[in-house]
Amino acid sequence: MSNTYYRDGKKTVEFVPYKGEKMDTCATIHDEYVCCNVKVLKSVSNCPFDCSYCFLQNYLTNPQLEVVDEHEKLIQEIKSKIKAQPWRFFRIGTWELGDSLALENETGQAQKFIDYFSTVNNAVLELKTKSDVVDPILNCKHNQKTVVSWSMNTDYIIRTEEHKTASLKDRMVAIKKVVDAGYLIGLHFDPMIMYDDWANDYKDLLTQLAHIVPSNQIAWLSIGSLRFNPEQKRLIENNFRGSKLTCQEMVKGSDNKVRYVKPLRIEMYSLMFNKMRELWGQDPFIYLCMERWDMWDKIMDIQPRAIGELDYMFADHFHRFFPSVNPQIPNLDLYMKYQST
Amino acid sequence: MVSTAHISRFNNEYLLWNLDNDFHSIELSIKQNGILCPITCIEFNNERYIVDGYKRYNAAQTFGITEVPYITISPDIPISELVFSLQQSRIFSSVLLKIRFFRIFQLSLDSRLCNQFQLPYYAHLKKDVDRIFDLPQSAQVFLHQKGFSLKEIVNLLHYSRDVFHRLLVDDCHFQFTKRSFDEVLSLTTALMKRHSLSLDQLIEKTNYSAIIAKDLTPQQRQKQWLMNLKQDASPVLLATQQKIDRMIADISLPARIIYDRTLEHAGITIQSRVQTPSDLTELTTALCDDNIRHQLNDMMRLI
């Protein structure tokens, strides 16, 4: 274990050389939960923000905030991997171990990736952030091959749990700028967190977003709820003494993480799903993050049973709604056959 | 050479890290024969400091033995090293003793020392050690006697201080194990936070005083209070379970219906032992009954 306190590591950025493979499948993948099979590029490690629920508190063995500065080598790795499976429509995010845009003013990394992805046929880049750092990417030539995503939460949760991140107001301004720049937008309502007025606040949040994000620029909307493993629970309680996150009614799942009990999750997800459909219509792709197939069935009346199936659903959606981004017709058999790759 | 001196002529400050005041194992022998084995001391500045014989010294004080046999040693090593050499196995028996030993001898917590004392070395270790040392003596004795590890103690410190101390005081009624102490503390703290309750309000809500007053064994008390706390902690889950259980009771199926009580795994298991053809007919007929199928469907929607 490193003897650097995890918050100390966030204070300065260290540029590090490319070492080992950086592209992988999202770390939360688990057999019993429907995972979207998004690929992640670990080009940044740790994050300047300090969200109380962040899994990095427990996940990182080296808390130093690091950015891989040899972007050509990162791009080379992506190139070789997407070339090896030309039938697949890749979604590749740079947010696995940090924030995709928070350090853009210092690193310029996202701009280089946007530039590269604008030229590829079978992949989109996902830049996911809780920041408002968007000015450096507004003039990039993106060809809609980059999805700029926000991890969104209510004003109350941002103020009480998402420390040092951009305020809701600032995120909204940033989203509007990115919408105006023609990018596709992803909105992740994950983790949803219960508190006294959660239902009204989440509905208000969606209503505000619907005013600035048009349906035809939505790449995807995701819904998930607070979850953490027992070790992380201890860390949250130690690092964020005032937080009420860990004292709610939760149960442990097969992935050793506790979640709100199922009836509460159904209530939360149903509210979000129905409001999203009311505001944006039937077209946007909505998915649940790390839930079992029966939750999909209960909330959305669809039953993806495997990772490959959900991966295919993304590709199919893009082919139908954004054919210039994914011009090829996806083949379900291939997605199922190679779902674990 | 063995000498004797009046008990008031000894200083035990180098052994004050010790929390074991229990000298029952030598009580009988000392009462009958006095102190046979001399305590070990070092001498300087006209003071006689005990470095080995803490139990014997305490027993002598308790039983009014005034003349205590002792030997003096004078090795050429620092006092902390001498005490460590003589008391190593005792110091290593509990993390509390290690921490108290550090503090009594004002040792600086670095990676070398942690390695020597088999403790993890991390950035805020010093802060954690200070918090543990600042606990009242009664809390330290409790944690020492129950054998909590450093990690477990640090975890306990995240919980409500009020509850922690209340449970210590009331341990005689419950005789908590490490696990049950942690569970109760965790649940109590969570409920106080969730409902913004004071400890007194929570105690009243969970019938604590009545449980203590009842003629029960400590284990029965533990079980009852834990059950009350859990009921308060999981209202939605318990209500759903009760609803499903009632539905199951209403279904006249010649089989046992089982479901995952956390509700996480969807579906049900229908278990039946089919011994004769008529058992099979009875089961299949029941499963084909529209009414039963509706009942099963309704129930499955809740899981």
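Look up: the structure comes first, before these words.
Residues numbered from 1 in each chain as written. Chains lettered and ligands numbered in written order. Predicted model: local features only at pLDDT ≥ 70, side-chain atom pairs only at ≥ 80, totals over all residues. Heavy atoms only, no water.

**Student:** Whenever I open this one, the sheet that holds strand β1 (residues 13-16) of chain A confuses me. Can you help?
**Tutor:** Each strand in a sheet pairs with another by means of backbone hydrogen bonds, the pair being arranged parallel or else antiparallel. Residues and elements named next belong to chain A. A sheet is described by the order of its strands in space; here three strands give the open sequence β1-β6-β4, paired in mixed fashion. Every other strand in the sheet has two partners, leaving β1 and β4 (44-45) as the edge strands with one partner each. Relative to strand β6 (residues 65-68), β1 runs parallel, the two being bridged by four bridges. When the bridges of β6 are listed, phenylalanine 15 appears paired with valine 67. (Pairing = 2+ DSSP bridges. Helix = DSSP H or I, 4+ residues; strand = E, 2+ residues; numbered from the N terminus.)

**Student:** I would appreciate a short explanation of the sheet that holds strand β11 (residues 184-192) of chain A in the present structure.
**Tutor:** Residues and elements named next belong to chain A. The strand order β2-β3-β7-β8-β9-β11-β12-β16 describes an open sheet built from eight strands, whose pairing is mixed. With partners counted over all chains shown, the strands left at the sheet margins are β2 (23-25) and β16 (286-288), one partner each. Ignoring which end each strand starts from, the neighbouring axes of this sheet average 25° apart. Two elements, strand β7 (residues 90-93) and strand β8 (residues 123-129), share four bridges in a ladder whose sense is parallel. (Axes fitted to C-alpha atoms, helices over the stretch in contact; angles between N-to-C directions.)

**Student:** Got a minute to help me understand the interface of chain B and chain A in this structure?
**Tutor:** One widely used convention gives an interface's size as the accessible area the parts lose upon coming together. Listed as interface residues are 28 residues of chain B and, on the opposing side, 30 residues of chain A. Taken together, the two surfaces of chain B and chain A that pack against each other cover about 2,400 Å², and 50% of this comes from carbon and sulfur. Counting the surface chain B buries against chain A, the share from its top three residues, B:His158, B:Lys193 and B:Glu264, is 29%. The tally of links from chain B across to chain A stands at three salt bridges. When the shortest N-O distance is used, the salt bridge between B:Glu264 and A:Arg265 registers 2.9 Å. In this structure, the connection of chain B to chain A is made through 18 residue pairs in polar contact (both at pLDDT 80 or more). Broken down by secondary-structure element, the contributors of at least two residues to the side of chain B that touches chain A are α11 (178-195), α15 (235-250) and α17 (290-301) of chain B. The dominant element in the side of chain B that touches chain A, judged by the number of residues it contributes, is α11(B), at five residues. (Contact = heavy atoms within 4.5 Å. Buried area = accessible area lost by both parts, 1.4 Å probe. Salt bridge = Lys/Arg side-chain N within 4 Å of Asp/Glu carboxyl O. Polar contact = N/O pair within 3.5 Å; in protein donor to acceptor, adjacent residues only side chain to side chain.)

**Student:** Looking at this structure, I do not really get the nonpolar core. What am I missing?
**Tutor:** Most often, soluble globular proteins keep nonpolar side chains buried together rather than apart. Judged by nonpolar contacts, the single largest core of 120 residues is most densely connected at A:Trp150, A:Met152, A:Leu187, A:Phe189, A:Tyr202, A:Leu209 and A:Phe318. Counting 78 residues, the second-largest nonpolar core is a separate cluster that includes B:Phe105, B:Tyr122, B:Phe174 and B:Ala233. (Core = buried A, V, L, I, M, F, W, Y, C linked by side-chain atoms within 4.5 Å. Buried < 20%, exposed > 50% of the residue type's maximum accessible area, 1.4 Å probe, protein only.)

**Student:** I would appreciate a short explanation of the pattern of salt bridges in the present structure.
**Tutor:** Two side chains bearing opposite charge may form a pair once their charged atoms approach each other closely. Per the counting criterion, the structure on display carries 37 salt bridges over all chains. Across the pair A:Lys11 and A:Asp8 runs a salt bridge whose closest N-O atoms are separated by 3.2 Å. Overlapping salt bridges bring together A:Glu32, A:Arg265, A:Glu291, A:Arg292 and B:Glu264 as one network.

Everything listed here is a matter of coordinates, which is why it stays silent on function.
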